[in-house]
Amino acid sequence: MTRIIVITSGKGGVGKTTVSANLAMALAKIGRQVALVDADFGLRNLDLLLGLENRIVYTAIEVLTRECRLEQALVKDKRHPNLVLLPAAQNRTKDAITPDQMKLLVNALAQKYQYVIIDSPAGIENGFKNAIAPAKEALIVSTPEISSVRDADRVVGLLEAQGIRRTHLIINRIRPAMVKANDMISVEDVQELLAIPLIGVIPDDERVIVSTNRGEPLVLAEKDNASLAAIAFEHIARRLEGEAIEFMDLNAPADSIFDRLRKLLWTKIV
Ligand code: ADP
Ligand code: MG
């Protein structure tokens, strides 16, 4: 059974595309066959995050107008060939495609891939409707800000109306120090407000921005210099796969020697 997952939020700029790229890459890294669908027509940037922008020849539009076959439009990732991207057209409006056409494309991909991840545009208009039409489950991305949480809440209702009930929450750009100082809503608060199960918490990390500019998803970094954000993405991939992984303690100092020592001693005692 192929997992067809839409990454959505309501609000723009909260990290949908970042999550889509890193999650898809993390799933590819653990050996899954993954197709990424850029449903953000007009404002596509998934290709940039993956560093694949120069390899695009055709887009979803040419597949639909039968100017090319689906396989011809798919861009293979240079690092993980089991990850492919179906690019969106850049110079078309969000009305260039219908929900039924989106279903057609995604269902064709579902024949060959184990995961189809759909990166949704901002808003709840046509582009959003296209993105959710073929989805069987949803990951809702919210930052710990009131406006983002409120938009996410609206999206939960719209997804339910569409029959998508398997929905999980990703809280992005959390800053533990700010939460501690009562300057940011906590993970628990967001969770309570939205009342959907949590699948990941991603810290705010400037390396996310660096990786975006380089076109190299964070999860590609070697294990030794992996960032907490990269680990958070990998954990989401494994939780999707059904593994029970504890949530990281983001309050712990990342590199405290005492912390490591305590862990070391603890594992020895146990
Ligand atoms: P969306 O697709 O929801 O519009 P993006 O994924 O494009 O959002 O992210 C918007 C901006 O926020 C980008 O510049 C991205 O690099 C930045 N960003 C996303 N997640 C994080 C994070 N965890 N830490 C720091 N910056 C982030
Ligand atoms: Mg985006």
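- Taking an unreviewed UniProt entry as the reference, the protein is identified by name as Septum site-determining protein MinD belonging to Richelia intracellularis HH01.

**Focus on the overall build of the protein**
Line of reasoning, step 1. The helix and strand inventory of the protein stands at twelve helices and eight strands.
Line of reasoning, step 2. For 270 residues, the compact-globule estimate of 2.2 N^0.38 gives 18 Å, and the C-alpha radius of gyration of the protein, at 19 Å, lies within 12% of that figure.
Line of reasoning, step 3. The dimensions of the protein, computed from C-alpha atoms along their principal axes, are 65 × 35 × 35 Å.
Line of reasoning, step 4. Considering only intrachain contacts with a sequence separation of at least 6, the fraction spanning at least 24 residues in the protein is 75%.
Line of reasoning, step 5. For the protein, the accessible surface area stands at approximately 13900 Å², while carbon and sulfur atoms represent 50% of it.
Line of reasoning, step 6. The averaged location of the 34 negative side-chain charges in the protein is 4 Å from the averaged location of its 34 positive side-chain charges.

**Looking at the pattern of salt bridges**
Line of reasoning, step 1. Enumeration over the complete set of coordinates arrives at ten salt bridges.
Line of reasoning, step 2. Between Asp47 and Arg44 there is a salt bridge; the shortest N-O distance is 3.2 Å. Comparing Asp47 with Arg44, the two get one shared label, buried.
Line of reasoning, step 3. Between Asp205 and Arg207 there is a salt bridge; the shortest N-O distance is 3.4 Å.
Line of reasoning, step 4. The exposure class of Arg207 is partly exposed, given its relative accessible area of 42%.
Line of reasoning, step 5. The structure contains a network of salt bridges with shared partners spanning Arg3, Glu137 and Arg166.

**Thoughts on the sheet that holds strand 3 (residues 75–76)**
Strands pair in a sheet through their backbones, by hydrogen bonds, and they do so in one of two ways: parallel or antiparallel.
Line of reasoning, step 1. Pairing within the open sheet is mixed, and its eight strands lie in the order 3-4-2-5-1-6-7-8. The sheet is open, and its two borders are formed by strand 3 and strand 8 (198–203), each paired with just one other strand.
Line of reasoning, step 2. Across five bridges, strand 1 (residues 3–8) lies against strand 5 (residues 115–119) in parallel orientation. Its bridge partner being in strand 5, Ile5 is matched across the sheet by Ile117.
Line of reasoning, step 3. Where helix 1 (residues 16–29) meets the sheet, it contacts strand 1, strand 2 (34–38), strand 4 (83–86), strand 5, strand 6 (137–142), strand 7 (166–174) and strand 8, and its direction lies at approximately 165° from that of strand 5.

**Topic: the environment of Leu50**
Line of reasoning, step 1. Tracing the backbone through its elements, the reader meets Leu50 in the loop between helix 2 (46–49) and helix 3 (60–64).
Line of reasoning, step 2. Under the relative-accessibility criterion, Leu50 is labelled buried at 0%.
Line of reasoning, step 3. For the pair Leu50 and Arg79, spaced 29 residues apart in sequence, the C-alpha separation works out to 10.0 Å.
Line of reasoning, step 4. Not counting chain neighbours up to four residues away, the residues in contact with Leu50 comprise Ala21, Met25, Leu36, Asp77, Arg79, Leu83, Gly215 and Pro217.

Cut-offs applied
Residues numbered from 1 in each chain as written. Chains lettered and ligands numbered in written order. Predicted model: local features only at pLDDT ≥ 70, side-chain atom pairs only at ≥ 80, totals over all residues. Heavy atoms only, no water. Helix = DSSP H or I, 4+ residues; strand = E, 2+ residues; numbered from the N terminus. Rg over C-alpha atoms; globule rule 2.2 N^0.38 Å. Contact = heavy atoms within 4.5 Å. Areas by Shrake-Rupley, 256 points an atom, 1.4 Å probe, with all protein chains shown as cover. Lys, Arg positive; Asp, Glu negative; His and termini not counted. Charge placed at Lys NZ, Arg CZ, Asp CG, Glu CD. Salt bridge = Lys/Arg side-chain N within 4 Å of Asp/Glu carboxyl O. Buried < 20%, exposed > 50% of the residue type's maximum accessible area, 1.4 Å probe, protein only. Pairing = 2+ DSSP bridges. Axes fitted to C-alpha atoms, helices over the stretch in contact; angles between N-to-C directions.

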